[in-house]
Amino acid sequence: MTNKIYYLASCDTCRKIIKSLPEKADLEYHDIRQNPITETELEEMYQLAGSYEALFSRKAQLYKSMDLKSKSLTEADFKKYILEHYTFLSRPVFIIEGKIYIGNSPKNVAEVLKVLS
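Residues numbered from 1 in each chain as written. Predicted model: local features only at pLDDT ≥ 70, side-chain atom pairs only at ≥ 80, totals over all residues. Heavy atoms only, no water.

(A) Focus on the pairing of strand S1 (residues 4-7). Burial of S1 is two-sided: the residues Lys4 and Tyr6 facing one way and the residues Ile5 and Tyr7 facing the other way are all buried. Direction of pairing for S1 relative to strand S2 (residues 28-31): parallel, over a ladder of four bridges. Across the sheet, the residue bridging to Tyr7 is Asp31, located in S2. With respect to chirality, the unit in which S1 leads through helix H1 (residues 12-20) into the neighbouring parallel S2 is right-handed. (Buried < 20%, exposed > 50% of the residue type's maximum accessible area, 1.4 Å probe, protein only. Helix = DSSP H or I, 4+ residues; strand = E, 2+ residues; numbered from the N terminus. Pairing = 2+ DSSP bridges. Right-handed = clockwise from strand over helix to strand, strands pointing away.)

(B) Broad picture of the pattern of salt bridges. This structure, assessed with the given rule, holds six salt bridges. Of the charged contacts, one joins Lys79 and Glu43 as a salt bridge, the two residues approaching to 3.8 Å between their closest N and O atoms. Highlighted residues: Lys79 in helix H4 (residues 75-84) and Glu43 in helix H2 (residues 39-49), separated in sequence by 36 residues. When the shortest N-O distance is used, the salt bridge between Lys80 and Glu84 registers 3.5 Å. Separated by four residues within a single helix, Lys80 and Glu84 lie in helix H4, roughly one turn from each other. With a relative accessible area of 39%, Lys80 lands in the partly exposed category. One continuous salt-bridge network, built from bridges that share partners, spans Glu39, Glu43 and Lys79. (Salt bridge = Lys/Arg side-chain N within 4 Å of Asp/Glu carboxyl O.)

(C) Structural view of the environment of Leu62. Within the secondary structure, Leu62 is located in helix H3 (residues 61-65). For the pair Leu62 and Thr87, spaced 25 residues apart in sequence, the C-alpha separation works out to 7.6 Å. Setting aside anything within four residues of it in sequence, one finds Leu62 in contact with His85, Thr87 and Phe88. (Contact = heavy atoms within 4.5 Å.)

(D) Quick peek at the environment of Ala60. Within the fold, Ala60 resides in the loop between H2 and H3. Overall, Ala60 belongs to the buried group, its relative accessible area being 5%. Between the C-alpha atoms of Ala60 and Leu89, which are 29 residues apart in sequence, the distance is 8.5 Å. Residues contacting Ala60, with those up to four places away along its chain left out, are Thr87 and Phe88.

(E) Representation of the state of the cysteines. One pass over the full model with this rule turns up zero disulfides. Free of any disulfide, Cys11 has its nearest neighbouring cysteine sulfur in Cys14, separated by 3.5 Å. The class of Cys11 is buried, set by a relative accessible area of 15%. (Disulfide = S-S within 2.5 Å.)

Nothing here speaks to function; it is geometry throughout.
Following this line, the structure appears as structure tokens:
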């Protein structure tokens, strides 16, 4: 299984995290704006994460502008929104050795760096 990072090239936080990765990190880089995630890829993330909600970003500006906060979203909604627009994927998402790391929390980034070094 290939180790991957799903990220947004225009995101400063993603760029900063990528810069901090060890040079020898063997990762397949997947820019989700240039190359939107497929349902198959999302399904793989879902299997590892256990829910679409775990992959969903409530920080996305569309989340606020579409007033999704006032709606009660189901797993099917989370999946639909993530597939519809890349900003709904919590970034970055690393899949390393069959384990998933979602988002940019310091704890998450530290775990990724530890696993990759």
